[in-house]
Amino acid sequence: FLGRHRATRQEVAVKKIDKRRVDDVFKAKIQHEIHSTSSPHPACIALYQTFESSNSLYLVLELATGDTLLERAWARPLGEGEAGVLALEVLAGLEHLHSRGFCHRD
C-alpha cells in the first residue's frame, strides 16, 4: 500500500502481513528482522515503524521509486563503469543484510 507518514508527511510503503496465514517460523523471522533494523544501510530499504492489529502486522517502509535494476538494464545497455558501481551497491547491501543474519531471496 502507499501511505503517508503522519509525522514527516513523507510518502511510504506499507506492507500488510496477515498473521493468520503465516506459520510460527515466518513470524519469528519477521520479529528478528524488525529487531535487527536499528542500523539502516543506504543500499537497503529503511523500516520506519511497525504496528499490528489482531489479525495483521503492518510494516512502514521507505518508498522505493523509479525503475528496478532489470527495467534499467532493459532500457539501455549498461556501460562497464555503471554496471560495476551498481554491482558494488548491491553487494554492499547484501553484506549488510548477511552480517545481521538475513538471507535476501530476490
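Notes on the structure in this doc start here.

Analysis parameters
Residues numbered from 1 in each chain as written. Predicted model: local features only at pLDDT ≥ 70, side-chain atom pairs only at ≥ 80, totals over all residues. Heavy atoms only, no water. Helix = DSSP H or I, 4+ residues; strand = E, 2+ residues; numbered from the N terminus. Phe/Tyr/Trp six-rings, centres within 6.5 Å; stacked < 30°, edge-to-face > 60°. Buried < 20%, exposed > 50% of the residue type's maximum accessible area, 1.4 Å probe, protein only. Salt bridge = Lys/Arg side-chain N within 4 Å of Asp/Glu carboxyl O. Contact = heavy atoms within 4.5 Å. Pairing = 2+ DSSP bridges. Axes fitted to C-alpha atoms, helices over the stretch in contact; angles between N-to-C directions. Core = buried A, V, L, I, M, F, W, Y, C linked by side-chain atoms within 4.5 Å.

**Focus: unusual backbone geometry**
Trans peptide bonds make up the majority, and among non-glycine residues the majority have a negative phi.
Then, in step 1: Positive phi values are uncommon outside glycine, yet Arg-9 reaches one of about 65 degrees.
Then, in step 2: Structurally, the position occupied by Arg-9 is in the loop between strand E1 (2-4) and strand E2 (11-18).

**Some details on the packing of aromatic side chains**
Then, in step 1: As enumerated under the stated definition, the model contains one aromatic pair in all.
Then, in step 2: Relative to Tyr-58, the ring of Phe-51 has its centre 4.9 Å away and its plane inclined at 15 degrees; by these criteria the two rings are stacked.
Then, in step 3: Taking the relative accessible area as the measure of exposure, Tyr-58 reaches 19% and is therefore buried.

**Quick notes on the pattern of salt bridges**
Then, in step 1: Applying the stated criterion to the full structure yields five salt bridges.
Then, in step 2: Where salt bridges share partners, they join Arg-72, Arg-76 and Glu-82 into one cluster.

**What to know about the side chain of Ser-56**
Then, in step 1: Within the fold, Ser-56 resides in strand E4 (residues 56-62).
Then, in step 2: In this structure Ser-56 comes out as buried when scored by relative accessible area, which is 6%.
Then, in step 3: Sequence-distant contacts of Ser-56, that is, excluding residues within four places in its chain, are made with Lys-16, Ile-17, Asp-18, Lys-19 and Phe-51.

**What to know about the sheet that holds E4**
The strands making up a sheet associate through hydrogen bonds between their backbones, and the pairing can be parallel or antiparallel.
Then, in step 1: In spatial order, the strands read E1-E2-E4-E3; together these four strands make up an open sheet with antiparallel pairing. Of all strands in the sheet, those with a lone pairing partner are E1 and strand E3 (47-52), marking the two edges. Direction aside, the axes of adjacent strands within the sheet are offset by 35 degrees on average.
Then, in step 2: In this sheet, E2 lies alongside E1 in antiparallel orientation, the contact comprising three bridges.

**Looking at the environment of Glu-33**
Then, in step 1: Tracing the sequence through the fold places Glu-33 in helix H1 (residues 24-35).
Then, in step 2: A C-alpha to C-alpha distance of 9.7 Å links Glu-33 and Leu-97, two positions 64 residues apart in sequence.

**Here we look at the nonpolar core**
Then, in step 1: Membership of the largest hydrophobic core is limited to eight residues, which are Ala-13, Ile-17, Val-22, Ile-30, Ile-34, Leu-57, Leu-59 and Leu-61.
Then, in step 2: Within the residue set of this core, elements represented by two or more residues are E2, H1 and E4.
Then, in step 3: The dominant element in this core, judged by the number of residues it contributes, is E4, at three residues.
Then, in step 4: Not counting residues up to four positions away in its chain, the partners in contact with Ala-13 are Phe-1, Leu-59, Val-60, Leu-61, Glu-62 and Leu-63.

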